[in-house]
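# Structural overview for review
Here is what each chain is made of, one letter per residue.
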Amino acid sequence: MAHKILEARTTNDTCLADAYAIAHPPTDKRTVNFDPTLQYVSTTGQHAFVPPVTGDFRGPCPGLNAMANHGYIPRNGIVTVDQFVDGTFTAFGMGRDLALILAIYGTVFDGDISSLSFSIGEGDNSILGSLFPQNGLTGSHNNYEADASPMKGDLYQYKNNYNVQMSQFRQLYDLQANVSDPSQVNFDIPLLTSFRVSRFQQSIANNPKFFNDVFSGIAVQPAAYQFIYRFMANKSEEYPEGRLDREVLKSFYAITDVENNFVYTPGYERIPNNWYKRAIGDEYGMVPFAIELNLIALAHPEFLSIGGNTGQVDTFTSVNLADLTGGVYNASTLLEGNNLGCFVLQAAVMNLPTTSVAGLLEGVLNDLAGIVDPLLQEWDCPELENIDESLLEKFPGYSRSSGDAGV
C-alpha cells in the first residue's frame with residue numbers, strides 16, 4: 001500500500017480525511033477481524049495494577065508507564081531491547097519492526113549498552129556511566145522526547161517534560177465536549193491531528209526555545225499523537241480498529257475524575273479493565289506508521305519544518321532542507337513517493353555507531369539493519385550520506401540530552 005502515498009499527493013491536499021480517502025478507496029478497504037480471546041489484555045493476576053514504589057522509574061511515555069505498572073515490562077522501569085519488543089507486542093500490538101527500532105534507538109542513545117537496556121524514566125547509570133551517560137527517556141530531549149507533546153510540557157518552558165500538563169489534557173478532552181452520547185466519543189486520528197496543529201502553534205507562541213528537530217520533530221513528535229489512537233483505542237467487534245473514549249483516555253494518562261474535577265497522579269497510568277489490543281496480523285509497525293505520517297504531512301506540511309524559535313517566542317525559523325541533506329531532499333521532494341519514510345529511517349540510523357562498542361552492540365545493530373535495509377531498498381530511497389547538523393546549532397533549543405532546562 002505504500003506506493004499509494006504518491007497517488008494521494010495533489011495540489012488540493014488540504015484535509016487529512018481527503019488524503020486518506022484517496023489512499024484508501026472503498027475497493028481497497030482492508031478487513032480487520034476481532035478475536036476477543038487473542039486480543040484481550042489481562043489486568044489481573046501477574047498483570048494486576050501495582051503503582052511504582054521508591055526506586056522504580058516512570059517517564060514521559062504513558063504507554064510504557066502503564067506497561068510497567070501491569071508487569072508487561074519490568075515493574076522497575078528498566079527494560080531490555082527484547083523485553084520492549086515482546087512487551088509492546090503483547091500489550092498493544094505494536095509491530096516488531098517498529099518496536100525494535102524504538103528499543104535500539106532508546107538503548108544506544110539513552111540507555112545502558114552493557115546490558116542492552118534503558119530506563120523509561122530517569123537514567124540509571126551502570127559502571128559505564130562515566131563513559132556513556134544514560135539519560136533515560138526523561139533525559140532524552142530531542143532524542144526520544146520532543147517539544148509540542150500532546151500532554152507533556154516543553155522542557156525549556158516547564159522545566160519538566162514527563163508530567164501531564166492538565167491544561168493540555170483538558171484541551172484535548174474538550175474537543176469531544178459536544179458529543180452528548182458517550183458511545184460516540186472517539187479521540188481518533190483526524191481529531192488528534194487538529195489537536196497537534198494547535199499544540200505546535202502553542203509551542204511556537206509560548207516556548208522561546210521551541211525546536212523541531214530532524215528525527216524527534218519529524219518522527220517522534222507525530223508518533224506521540226498517532227500512538228494515542230493506534231494503541232490506546234479499545235478494540236471490539238463493533239470497532240475492530242478501535243474507539244478511544246473518555247474513560248480509556250483518562251486511564252492511560254493517570255487521570256481520575258473526582259466530583260467533575262480532574263486529578264492527575266503521576267506514575268499511575270493504567271491499562272483499563274476489559275480492554276482489547278490490536279488484532280493479530282494487524283500490528284501497527286513501520287510501514288503503516290510511515291503511511292500515516294505521510295498522509296498527515298500532506299495535509300499539514302508545516303509539521304516538516306525543521307528549525308525553531310531563536311530565543312524569543314514567535315520567532316520560528318526553519319532551515320533549508322536541501323542544505324541540511326546535501327541536496328538529497330527538499331521541501332517538495334520530501335513528500336513525494338516514500339521519501340518521508342526514507343528520511344525518517346535514515347535520520348534514525350544516521351548517528352548510530354558504525355562499529356560495535358566492545359562487541360556489545362553488534363547483535364542489535366545487525367537486527368536493526370535487517371529491518372531498515374530492506375525497507376530502504378523496497379521504498380527505492382535516495383542515498384543520504386550526511387545530515388549537516390551544524391546548521392541547527394544556532395537554535396537555543398537544539399540539545400540532544402537532558403541538558404540544563406533552567407538555562
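Note: the structure precedes this text.
Below is a summary of the structure that appears in this document. (Residues numbered from 1 in each chain as written. Predicted model: local features only at pLDDT ≥ 70, side-chain atom pairs only at ≥ 80, totals over all residues. Heavy atoms only, no water.)

### Focus on the pairing of strand S5 (residues 261-264)
- Burial along S5 is one-sided: the residues Phe262 and Tyr264 are buried and none of Asn261 and Val263 is.
- Note that strand S4 (residues 255-258) and S5 share four bridges and pair antiparallel. Bridge pairing in S5 links aspartate 257 to phenylalanine 262. (Buried < 20%, exposed > 50% of the residue type's maximum accessible area, 1.4 Å probe, protein only. Helix = DSSP H or I, 4+ residues; strand = E, 2+ residues; numbered from the N terminus. Pairing = 2+ DSSP bridges.)

### Some points on the environment of glutamate 145
- Here glutamate 145 lies in the loop between strand S2 (117-119) and helix H7 (155-158).
- On the accessibility criterion, glutamate 145 (6% relative accessible area) is buried.
- Sequence separation between glutamate 145 and leucine 155 is ten residues; the distance between their C-alpha atoms is 9.5 Å.
- Separated by 2.7 Å, the side chains of glutamate 145 and histidine 141 make a polar contact. (Polar contact = N/O pair within 3.5 Å; in protein donor to acceptor, adjacent residues only side chain to side chain.)

### Considerations on the state of the cysteines
- Here the structure, examined in full by the defined rule, presents one disulfide.
- Two residues share a disulfide in this structure: cysteine 342 and cysteine 381, whose sulfurs sit 1.9 Å from each other. The sign of the -80° torsion about the S-S bond sets the cysteine 342-cysteine 381 disulfide as left-handed. One end of the pair, cysteine 342, is in helix H14 (residues 339-350); the other, cysteine 381, is in the segment after helix H15 (362-378), with 39 residues separating them in the sequence. Neither cysteine 342 nor cysteine 381 differs from the other in exposure class; each is buried. (Disulfide = S-S within 2.5 Å.)

### What about unusual backbone geometry?
- Within the chain, lysine 159 stands out as a residue other than glycine whose phi angle is a positive 60°.
- Its location among the elements puts lysine 159 in the loop between H7 and helix H8 (166-173).
- In this structure, aspartate 314 takes a positive phi of about 60° despite not being glycine.
- Mapped onto the secondary structure, aspartate 314 falls in the loop between strand S6 (307-308) and strand S7 (317-318).

### Some thoughts on the packing of H14 against H15
- Taken N-terminus to C-terminus, the directions of H14 and H15 make an angle of 150°; their axes are 10 Å apart at the nearest point. The pairing of H14 with H15 is recorded here as roughly antiparallel in orientation. The chirality of how H14 crosses H15 is left-handed. In this structure, H14 contributes Cys342, Leu345, Gln346 and Val349 to the contact, and H15 contributes Leu368, Val372, Leu375 and Leu376. (Axes fitted to C-alpha atoms, helices over the stretch in contact; angles between N-to-C directions. Parallel < 35°, antiparallel > 145°, perpendicular 65-115°, else oblique. Left-handed = near helix turned anticlockwise from the far one by under 90°. Contact = heavy atoms within 4.5 Å.)

### Section: helix H10 (residues 216-232)
- The principal kink in H10, of about 40°, is found at glutamine 226.
- When you tally the buried positions in H10, you get 16 out of 17 residues, the bulk of the element. (Bend = angle between axes of the 7 residues up to and from the residue.)

### With respect to the packing of aromatic side chains
- Inspection of the entire model under this criterion finds 30 aromatic pairs.
- With a centroid separation of 4.9 Å and 85° between ring planes, the pair formed by tyrosine 173 and phenylalanine 262 is classed as edge-to-face. In this pair, tyrosine 173 sits in helix H8 while phenylalanine 262 sits in strand S5, placing the two residues 89 residues apart along the sequence. Note on accessibility: tyrosine 173 and phenylalanine 262 belong to one class, buried.
- An angle of 85° between the planes, with centres 5.4 Å apart, marks the rings of phenylalanine 200 and phenylalanine 210 as edge-to-face. Here phenylalanine 200 is found in helix H9 (residues 189-206), whereas its partner phenylalanine 210 is found in the loop between H9 and strand S3 (211-212), with ten residues between them in sequence. By the burial criterion, phenylalanine 200 is buried, and phenylalanine 210 matches it.
- One aromatic cluster is present, built from ring pairs that chain together Phe92, Phe227, Phe231, Phe252, Trp275, Tyr284 and Phe289.
- Above the plane of the ring of phenylalanine 89 lies arginine 96, whose end atom (NZ or CZ) is 4.3 Å from the centre.
- Against the face of phenylalanine 89 rests lysine 277, its NZ or CZ located 4.5 Å from the ring centre. (Phe/Tyr/Trp six-rings, centres within 6.5 Å; stacked < 30°, edge-to-face > 60°. Lys NZ or Arg CZ within 6 Å of the ring centre and 35° of its normal.)

### Focus on the pattern of salt bridges
- Summed over the entire model, instances satisfying the criterion amount to eight salt bridges.
- A salt bridge links aspartate 174 to arginine 170; its shortest N-O distance comes to 3.4 Å.
- Classification of arginine 170 by relative accessible area gives partly exposed; the value is 31%.
- Here glutamate 292 ties to arginine 230 by a salt bridge, and the two come within 2.3 Å at their closest N and O atoms. In this pair, glutamate 292 sits in helix H12 (residues 286-299) while arginine 230 sits in helix H10, placing the two residues 62 residues apart along the sequence.
- Members of the salt-bridge network, linked through shared partners, are Arg230, Glu241 and Glu292. (Salt bridge = Lys/Arg side-chain N within 4 Å of Asp/Glu carboxyl O.)

### Quick word on the environment of threonine 37
- Among the secondary structure elements, threonine 37 is positioned in helix H3 (residues 36-39).
- In this structure, the C-alpha to C-alpha distance between threonine 37 and tyrosine 276, residues 239 residues apart in sequence, is 9.1 Å.

### Notes on helix H6 (residues 96-110)
- For H6, which comprises 15 residues, the first-to-last C-alpha distance of 20 Å matches the rise-based estimate of 21 Å (1.5 Å per residue) to within 8%.
- In terms of burial, H6 is largely enclosed, as 13 of its 15 residues are buried. (Expected span 1.5 Å × (residues − 1).)

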